[in-house]
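Single-letter residue listing:
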Amino acid sequence: MGVLALLILFPLIIALIMLAIKSDKIRTPIVVGAAIVIGALSIFFAVTNLGSEMKVMWLSAGAAEIVGNAMIVIEAALALLIVYQGLKYKKYLACILALVQTPLLIWFELTKGHDIKTETFLYSDNFSIIMIVIIGVIGSAICVYATGYMKDFTKHHPDAGDRRPFFYFLMFLFLSAMFGIVISNNLVWMYFFWEITTLCSFFLIGYSKGLKEAINNSFRALIMNLLGGLFFVVGIVVLGYFAETVELSSLLTMATEGKATGQMMPFIPVVVGCLAFAGLTKAAQMPFSSWLLGAMVAPTPTSALLHSSTMVKAGVFLIVKLSPALGVNTMFDIGPGFMVILVGGVTFLFASMAALSQSNAKRVLAYSTVANLGLIVACAGVGTAPAVWAAILLIIFHAVTKSLLFLCVGTAEHNIRSRDIEDMDGLFGRMPRLAAFMIVGISGMFLAPFGMLISKWAALQAVADSNDAWLVLFIVFGSSVTLFYWMKWLGKMVAVVANRENIQQNVHNAEWSITGGLTGLVIAFTITFPFFSHTTIVPYLTGAFKGISEANAEALRTDNLIIMIVMVVLVLCLILLLYGRTNKRVVPLYMSGVNKGDDLTYEGAMQKDVPIALRNWYLADMFPEKLMNKIGNIVTCVVLTLTLTYLLGIVLYMLDYLKSMGGVL
Amino acid sequence: MINFFGTEISFMQILTGVLYLVFAPVIGCLIAGIDRKITARMQGRFGPPILQPYYDMRKLFAKEAITVRGSQELFVVCCLIFMIITGLFFFAGGNLLMVIFTLTMASVFLIVAGFSSNSPFSQIGAERELLLMMTYEPMVLLMAVGLYLVNGSFDVSEIVMSDPISIIYLAGMFIGYMYVLTMKFRKSPFDLSMSHHAHQELVKGLTTEFSGGTMAVLEIVHWYENVLLLGFVFLFFSNGTVLMVAIGVVACLAMYFLEIIIDNGYARMKWQFAFKSGWIMTIIFGGVNLIVLYYLKLFGLIGA
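Conventions used here
Residues numbered from 1 in each chain as written. Chains lettered and ligands numbered in written order. Predicted model: local features only at pLDDT ≥ 70, side-chain atom pairs only at ≥ 80, totals over all residues. Heavy atoms only, no water. Contact = heavy atoms within 4.5 Å. Buried area = accessible area lost by both parts, 1.4 Å probe. Salt bridge = Lys/Arg side-chain N within 4 Å of Asp/Glu carboxyl O. Polar contact = N/O pair within 3.5 Å; in protein donor to acceptor, adjacent residues only side chain to side chain. Helix = DSSP H or I, 4+ residues; strand = E, 2+ residues; numbered from the N terminus. Nonpolar A, V, L, I, M, F, W, Y, C, P; charged D, E, K, R; others polar. Axes fitted to C-alpha atoms, helices over the stretch in contact; angles between N-to-C directions. Parallel < 35°, antiparallel > 145°, perpendicular 65-115°, else oblique. Left-handed = near helix turned anticlockwise from the far one by under 90°. Core = buried A, V, L, I, M, F, W, Y, C linked by side-chain atoms within 4.5 Å. Buried < 20%, exposed > 50% of the residue type's maximum accessible area, 1.4 Å probe, protein only. Disulfide = S-S within 2.5 Å.

Chain B puts 70 residues into the contact, and the matching count from chain A is 70 residues. Note on chain B versus chain A: buried area summed over both sides is about 6400 Å², and carbon and sulfur give 76% of it. Counting the surface chain B buries against chain A, the share from its top three residues, B:F101, B:N118 and B:M134, is 9%. For the pair chain B and chain A, the interface holds 4 salt bridges. Between A:K584 and B:E73 there is a salt bridge whose closest N-O contact spans 4.0 Å. In this structure, the connection of chain B to chain A is made through 10 residue pairs in polar contact (both at pLDDT 80 or more). Every element with two or more residues in the side of chain B that touches chain A is listed here: β3 (66-67), α3 (72-91), α4 (96-116), α5 (120-151) and α11 (271-298) of chain B. When residues in the side of chain B that touches chain A are grouped by element, the largest group, 16 residues, is from α5(B). Taken together, the residues that form the side of chain B that touches chain A break down as 43 nonpolar, 17 polar and 10 charged.

All names here are of chain A. With respect to the helices, strands and loops of the structure, T636 is situated in helix α25 (residues 625-660). In this structure the C-alpha to C-alpha distance between T636 and M224, which are 412 residues apart in sequence, comes to 15 Å. When near neighbours in sequence (up to four residues on either side) are disregarded, T636 contacts M286, P287, V343, V346 and T347. Polar contacts involving the side chain of T636 include one to the main-chain carbonyl oxygen of N633, which spans 3.0 Å.

Residue and element names in this part refer to chain A. Relative to each other, helix α19 (residues 432-446) and helix α21 (residues 471-494) sit at 165°, their axes nearing to 10 Å. As the angle between them shows, α19 and α21 are arranged roughly antiparallel. Crossing angle aside, the handedness with which α19 passes α21 is left-handed. Across the interface between the two elements, M438, I439, I442, S443, M445 and F446 from α19 touch T482, L483, W486, M487, W489, L490, M493 and V494 from α21. Classifying every residue of the contact of α19 with α21 by side-chain character gives 12 nonpolar, 2 polar and no charged.

Core analysis: the largest hydrophobic core is formed by 366 residues, its most contacted members being A:W291, A:W489 and B:F232. Looking at this core, the element that brings in the most residues is helix α17 (residues 385-416) of chain A, giving 22 residues. Among the nonpolar cores identified, the runner-up in size contains 6 residues, and A:L589, A:Y602, A:I612 and B:V68 belong to it.

Time to look at the state of the cysteines. All names here are of chain A. Throughout the structure, instances matching the rule amount to 0 disulfides over all chains. Here C95 stays unpaired: no disulfide links it, and the sulfur of C200, its closest cysteine neighbor, is 19 Å away. Here C95 falls in the buried class, since its relative accessible area comes to 7%. Considering cysteine sulfurs only, C637 is the nearest to C274, which forms no disulfide, with 17 Å between them.

Here it is as C-alpha cells:
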C-alpha cells in the first residue's frame, strides 16, 4: 500500500521540482523519467492489486488527523487564492462561491465532522485501478508529448510568455490530485483533491495570460466547477449530519440496501443527487459543457489531459461509482437517477449535433468528448451492471482514443499552421504517418469493429434491457449523427490529393513516440479488451452490484466479442497488405472539362483554367451550433431544476421532522 | 452443434449461411433483372432480358483495368467482404445489432472509396450517401431494439423461431423501416448518392470514378445487400411456422414490388426533404412504437 501513497506523493514532488527548473535541457529528461516512473508505478500497482475485493489502506488515527488538518489549511489557502484571482480580474461570482463552500466545509469539519470516525480513508478496487492506469499511463504520456510541443508553442506564441515551469508544475500536480480522487474513500479527502483539479484546470486554461479569451474561459471553468464543488460540500454536510459518516463506501452500502429492501432513507437521494451534480459539472455535461469547449484556448497538451485522462474523467468516475445508488425505480421517480440519465442522454444527442457543423478540429473533438461523456453518464444513471460495464469500457476507450486524436491535431496544427479540418486536405500526402495515426484514432471513435462502437453497442443492449427503454431514442439518433461527423473527417483524411510535399520530418521525436505509442494502444486494447473485461471490470461489477453473476455482468456475449476482434484483425491485414497496390493503369479524374493533368485544375469555357476546391458538408442550416446548445441547455436546466427542487423538498421535510422530534438542528 | 465461445451454433445455421453465400448473388441478380423488366414495362418499353445484370457484370469485368487512385479498389473489395460477412451473420442467425454495425462498416468502405478519389462528383456522392446513412440509421437500430423487445433476443435465429408474430407489435416500426428502405435500395425519390436514372444524376454520383472490375464488384455488393435488406422484412413476419414463413417471403416480394412502383412514380427529392422526412418518420412511427412497447413490457404483455 506504500505504492498508493507514492502515486500521490511522487508526482507532487516532481511538480515542485518543475517549478524550480528553468532550462529545457534539464527539464526534458526529468519529465520523461518521471513519466516513465509514474506509468510503471501505476502498472505495478495494478498488477499486484487486482482482485475482486476492495482493498483498504489503513491509516493511524494520528496520521489521518495530521493529514486532515493540513488539508483544511490548504483548502483555506486555496479559497483565498481564488478570492484574490477573482478580485484581480473582477470575477466576483468566483469569490462568492469560494467564500460559501470553503467556510461551510471548514465549519463542518471543526464541529460535526470532528466527531465522525472514519474507518477507511483510502482504498482501491478494480475500478480505481483502471482509473489509476489510465491516469498513470496516458496522463504521463501527455506530459512527455508536451516536452516537444511546448518548445514550438513558446516559439509560436511569444505573447503568452514562457511560463513553462508553472505549466509542468500544474500538469504533474493534476496527476497527483487525480490519483487522490480515485482512491479516496473519505469524501472530505476526495473533495480536497477535487478542488485541486478545479484549480489546476483553471490555471492551465488561463495559461496564455495575454489573451482575454483565455482569462474569461478559465474563469468560466472555475465558476462552473466551483458550483459543482459547492454541491459536493452540501452532499458531505448532509451525509455527515444524518448518517454520521463521510465515507463513500458506507453511502453506497446504505443506498444499495435501501434499493434492495425498498426502504431508502430519505436523505440518501439528496446526498447522491448532490454528488452526482458535482460529477455532472466536472464531466462538462450540459448546461455546463461550455467550460470544456472554452478550454481549447489552452495549449494542446492541456486539452488532451483535460479530455482524456483527467478532469472530466474525475466527473464520470464519481458518477459511475455512484451508479449502484442510481437508476429509476418508478415511473414518476424524479430523483438523482432520473437527473443523471436525462442530462447524459440529452447531452449525448445535442452535443453530437453541435459537432456536426464544426470545421475546427479541436471543437469537433471537444463536442465529441462532451457527447461521449454524456453517454457514459447516461449508462451510469441506468444503474445496472451491464450498463456500467458499457460505461467503464467507454471510459477506457475514450481516454486512449481521444488523447491520440488531440495530440495528432496538435502536431498537425504546428506543422500546417491550422487546426481547421478543411486545411487538412491531402494530409495523407503531406504527413502520411500522422494521417495514418489520425485514421486509426477516428476509426476508433465510431467504427465497428473498433472499441467505441463496441461500447455503444453494449450501451444499446444494456439500455434495451433496463427499465429505461426510451433512452434508446437518444442513443440511436446520437450515434447516427456521430457517424456523420467522424466519417466526413475520415473522408478528408483518406482523400489522396496529387502533388503534395512531404513535411512531416519537422515533427519532434517526443511527439512521434507518444502518438505512435497511443495508436498502438488503441489497436492493442481493441484486440485484448475481453481479457481485461474478465479480469478487471467483471469482478468490480460483481462486487458493486449485489447478486449479479459473472455471466450477467457483461452486456455482450463472448462469442460476439471474439467475432468483432477477428474483424479488427481482418481489416488491419487487408489494409496493411493491399493498401495502394494496384496493377491497373492510373488515369486522371473526370472534371467536366479537360483535366490539366494535376487533378486540381481543368480547362473551362473560353480556355480558362479553373481550379477545383473540395469542401466538406457542415449542414449548418439543419444543425446550427447555437440552437443545439440552447435546446440542450434548456432541457437539462429544466431537468436539473426539477430534481434539485425535489431534493430540496426532501431536505425541508427532514428538517421539519427532526424539529418535531426535538432534534438538534 | 458447434460450440463457439459458449454459444451453440447448429448445422442448420451454418447451412443457411452457406446458402446465402452461394445463392444471394443469384437471387439478387434475378431481382435486379426482374426490376429492370417491370420498370421498362411501366415506362412502356419492352425491357432487357432478365439476365441483363449478369451480362453487364461480365462485360464490366472484361473492360480495361483503369483507376484514378491505387487505393480505390481495396476499399471496394473491403466493402464486398464486409457485405458478405454481414449477410453471413444474418443468415447464420447472429446478433442483429452486430449485423447492423457490420453493414454500416460495408457502407463506410463504399463512402471511403468515393472520398479517396478526391473527385468532385465522387465526393458529393459520398457525402450524400453519408447523409442518407445518418437518415436511415436511427430507424434501422430502432427496428432491432423493437424486435428485441418483442422476441426477447437480438439473435436472428431466435427472432425467426420465437412465437410472437413481430409485425403485430411492430406495425409502426415496419412502416418506418419501409420508408427508409427506399434509401437503402437506392430508389427514387431517395437515390441521392447513386442512381439508375441517368437524367437526375450528377454525372454518376458516388460511382463516377469507378470503372470496369471495380464497378462490377459494386454490382455484386448490391445484389448481396438487397437480399439482406429483404431478410430484415422477413423478420417481421416469421415465427417459425410454415404459414408465416410463406407469408414472410410473399411480403418480401410485395415490398420489393412496392419499391419499384415508388421508384418509377417519383423524381429525386432534395436532400433536405429526404433527411427531414426520414427522421420525422422515424420519430413518429419508430419512436411512438418504442414507447408503446415500453408500456407493454411494463405491464408484462411482451418479453420474458
